[in-house]
Amino acid sequence: LSCPALTVSNCACGPCPAGWTGPYTDGTTCSCYRVTNVNPSDYNNELSWADWEADCVAQRGHLVSLSTAGEQDWFDANVSLSSSEPVWIGLKAQAGTYVWSDGSPFSDTNWASGEPASGAECVQMSFSNGLWSTQDCSFSYDTGYVCERAPSDVSTCGWCAAGHFLADATTC
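Worth saying up front: this structure is predicted, and the values here are computed from it rather than measured.

1. Points about the packing of aromatic side chains
- One pass over the structure, following the stated rule, counts nine aromatic pairs.
- Summarising the aromatic geometry, the rings of Trp-100 and Trp-132 are spaced 5.6 Å apart at their centres and angled 90 degrees between planes, so their arrangement reads as edge-to-face. Here Trp-100 is found in strand S5 (residues 97–100), whereas its partner Trp-132 is found in strand S7 (residues 132–135), with 32 residues between them in sequence.
- Centre to centre, the rings of Trp-111 and Trp-132 are 5.6 Å apart; their planes meet at 85 degrees, and the pair counts as edge-to-face. Of this pair, Trp-111 sits in the loop between S5 and strand S6 (122–125) while Trp-132 is found in strand S7, placing the two residues 21 residues apart along the sequence.

2. Points about the nonpolar core
- In this structure, Leu-66, Phe-75, Ile-89, Leu-91, Val-123, Met-125 and Trp-132 are the most contacted members of the largest nonpolar core, which totals 18 residues.
- Of all the secondary-structure elements, those providing two or more residues to this core are strand S4 (87–94), S5 and S6.
- Take this core: its biggest share by element is four residues, from S4.
- In this structure, Leu-66 is in contact with Glu-71, Gln-72, Phe-75, Trp-100, Met-125 and Trp-132, ignoring residues within four places of it in sequence.

3. Section: the state of the cysteines
- Taken as a whole and judged by the stated rule, the model has three disulfides.
- The disulfide partner of Cys-16 is Cys-32, and the gap between their sulfur atoms is 2.1 Å. Because the sign of the S-S torsion sets the handedness, a value of about -90 degrees for the bond joining Cys-16 and Cys-32 places this disulfide among the left-handed ones. Note that Cys-16 is positioned in the segment before strand S1 (21–25) and Cys-32 in strand S2 (residues 30–36), a separation of 16 residues in sequence.
- Take Cys-32: its relative accessible area is 0%, and that puts it in the buried class.
- Paired by a disulfide, Cys-122 and Cys-137 hold their sulfur atoms 2.0 Å apart. Residues Cys-122 and Cys-137 share a disulfide whose torsion about the S-S bond is about 95 degrees; that sign makes it right-handed. In this pair, Cys-122 is assigned in strand S6 and Cys-137 in the loop between S7 and strand S8 (144–149), connecting sequence segments 15 residues apart. Accessibility assignment for this pair places Cys-122 and Cys-137 in one class, buried.

4. Some thoughts on unusual backbone geometry
- Note the cis peptide between Gly-22 and Pro-23, where omega equals 10 degrees.
- Among the secondary structure elements, Pro-23 is positioned in strand S1.
- Despite not being glycine, Arg-60 shows a phi value in the positive range, around 70 degrees.
- For Arg-60, the location among the structural elements is in the loop between helix H1 (49–58) and strand S3 (61–63).
- Arg-60 sits in the partly exposed class, given a relative accessible area of 27%.
- Phi is positive for Ala-95, close to 55 degrees, though the residue is something other than glycine.
- Checked against the element boundaries, Ala-95 lands in the loop between S4 and S5.

Reading the values: the criteria
Residues numbered from 1 in each chain as written. Predicted model: local features only at pLDDT ≥ 70, side-chain atom pairs only at ≥ 80, totals over all residues. Heavy atoms only, no water. Phe/Tyr/Trp six-rings, centres within 6.5 Å; stacked < 30°, edge-to-face > 60°. Helix = DSSP H or I, 4+ residues; strand = E, 2+ residues; numbered from the N terminus. Core = buried A, V, L, I, M, F, W, Y, C linked by side-chain atoms within 4.5 Å. Buried < 20%, exposed > 50% of the residue type's maximum accessible area, 1.4 Å probe, protein only. Contact = heavy atoms within 4.5 Å. Disulfide = S-S within 2.5 Å.

The values are spatial; any link to function lies outside them.
Rendered as structure tokens:
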């Protein structure tokens, strides 16, 4: 399923669920964020970018898509990254181009110097400066992840299963 992002014109930007930070709105989108710090030994070092994306989808969201400079700035100022290690974000190379896991347009970048590195497909964000770097998608050493979702009250605004927005009265 491919669904458009929640827009403020479709629904007022409501409160975030408990444990989530936000909401952030730029006038067209409305998002809440949750940082999860991971001890890979709890998972036998076997979980990857795809596993964390699946966990975010189970929470009615996706790995974070920082698709504008304004959102990145708001995120850096308002979301606490308590880990000393980088966190996974929803950016991944596919067929030679980078795409966000939620399907939002990829245009703004916040790459660290020398990035993106060739051969690594998934993207992490530094806790200290918010800059992005690439990493092998199966890398799991002390790496957290950030989920992004719509606010709590979106069920009254047309959300359907797995975090997808109802595009019209019958299509998800």
